[in-house]
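Overview (structure and organization)
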Amino acid sequence: MEIAALVSGGVDSSVVVHRLKEMGYDPTIFYIKIGMEDEEGYIDCPSEEDIEIVTFIAKKYGCRFEIVSLHEEYWNSVVHYTIESVKRGLTPNPDMMCNKLIKFGTFEQKWGHQFDRIATGHYATTTQSEGLTWLSTAKDHVKDQTYFLGQVSYVQVSKLMFPIGDLLKSEVREIAAENRLPSAQRKDSQGICFLGKVNYNRFIERYLGKKEGLIVELETGNIIGRHQGYWFHTIGQRKGLGLSGGPWFVIKKDVNRNIVYVSKGYDTKYQYGNVINLQGFSFITKDPWGDFEGEKEITFKIRHTPEFTRGHISKKGDLYTISSELPVQGIAAGQFGVVYDLESRICLGSGMII
Ligand SMILES: Nc1ncnc2c1ncn2[C@@H]1O[C@H](COP(=O)(O)OP(=O)(O)OP(=O)(O)O)[C@@H](O)[C@H]1O
């Protein structure tokens, strides 16, 4: 079986190579370059160290190694989507789009199609049931990354391999240390895919500029500060508002009037909600319910968090609605609601929060 291993220079994907070799495969390693550097220097992407580490891994395990660029595709798809979402006042999820459109999208069209499987260091697993492949959660529930994979298609998931999904992060680090992999002690990246390496606010400013507006207390209507553009703020945000006497949380944005509404205190009811409406819901493997009346019991996430929340899902036309058993904080339009079975084992699919 021919396997393409996507290796970033982080500890997880380094251990992917080790495990694939242990299983008797001879993977071809790919490092994807997005090249965020630019002449003005406000985007800083130190990919050299990553490439050095991946080169070392490839040599150590005697693997073919290719550095490929998806720079243009990334900017045309993920960056474009991110900017457009932010402009509309939504909270985008570049990580999910990067998985769907880049790592398993254009990579597949350009190089992946020559291979039987694509292996990554995501904390996720797959399960075979009813003759189909289902995206499933990782052994390490805290590190589980299925949230970021919630938008992948069936064709994509049936080709994926997650060789470290059955390990705890601590076990991955042990394997890396025992085998003296140079990435053993590297810090985990912070998400936002390749955009994680840039200063997000400066990046947004570059495209949308600044536009001063008011920060208003939701309950009282009092003006309590100014912001530099609603696009720098996201629902549920606490840090970076520059307000004293907090904690203040962003509750709502008025995009037309460029107003950011905030509320004070950890327990303000405005921060929480029980109802999450999902648009464009797509099932990864199969719709297990079809058209149904009433509700189905599920677990779900509305962002990449360690915990799964229990709830019920109902369907009206194309709109799926989750009602959560417990109030959830910071329901942000534009993010995705990812739905799992009751045991939080199978990831069923996702839709965009509206
Ligand atoms: N630049 C890249 N080139 C090739 N594959 C990548 C790259 N960045 C990420 N990946 C793949 O996507 C997976 C998940 O990405 P994520 O951003 O969570 O990883 P990371 O923290 O950068 O590195 P790692 O998961 O290896 O510790 C990686 O394990 C790797 O398989």
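As recorded in an unreviewed UniProt entry, the protein chain goes by tRNA-uridine 2-sulfurtransferase and comes from Petrimonas mucosa. UniProt's Catalytic activity (unreviewed entry) comment on the protein chain is quoted here verbatim: "S-sulfanyl-L-cysteinyl-[protein] + uridine(34) in tRNA + AH2 + ATP = 2-thiouridine(34) in tRNA + L-cysteinyl-[protein] + A + AMP + diphosphate + H(+)".

A short note on the nonpolar core
Ranked by size, the top nonpolar core spans 85 residues in total, and within it Ala5, Val7, Ile29 and Val262 carry the most contacts. The contact partners of Ile29, leaving out residues within four places of it in the chain, are Ala5, Val7, Val17, Val54, Ile57, Ala58, Cys63, Arg64 and Phe65.

Quick notes on the environment of Ile224
Along the chain, Ile224 turns up in strand 9 (residues 223–227). We classify Ile224 as partly exposed; it has 16 C-beta atoms within 10 Å. Once the C-alpha coordinates of Ile224 and Val16 are considered, the two residues, 208 residues apart in sequence, prove to be 50 Å apart. What Ile224 contacts, discounting residues up to four positions off in sequence, is Ile215, Glu217 and Leu243.

Considering the sheet that holds strand 16 (residues 336–340)
Taking strand neighbours around the barrel as the criterion, the six strands line up as 12-15-14-13-16-17 in a closed arrangement whose pairing is antiparallel. Adjacent strand axes in the sheet meet at a mean angle of 45°, parallel and antiparallel pairs treated alike. Examined bridge by bridge, strand 13 (residues 296–301) and strand 16 share three bridges and lie antiparallel to one another. Among the inter-strand pairings, Lys301 is bridged to a residue of strand 16, identified as Val338.

What counts and how
- Residues numbered from 1 in each chain as written.
- Predicted model: local features only at pLDDT ≥ 70, side-chain atom pairs only at ≥ 80, totals over all residues.
- UniProt positions renumbered as here; feature names shortened; annotations may be inferred.
- Core = buried A, V, L, I, M, F, W, Y, C linked by C-beta atoms within 7 Å.
- Buried ≥ 20, exposed ≤ 12 C-beta atoms within 10 Å, placed from the backbone.
- Contact = placed C-beta atoms within 7 Å.
- Helix = DSSP H or I, 4+ residues; strand = E, 2+ residues; numbered from the N terminus.
- Pairing = 2+ DSSP bridges.
- Axes fitted to C-alpha atoms, helices over the stretch in contact; angles between N-to-C directions.

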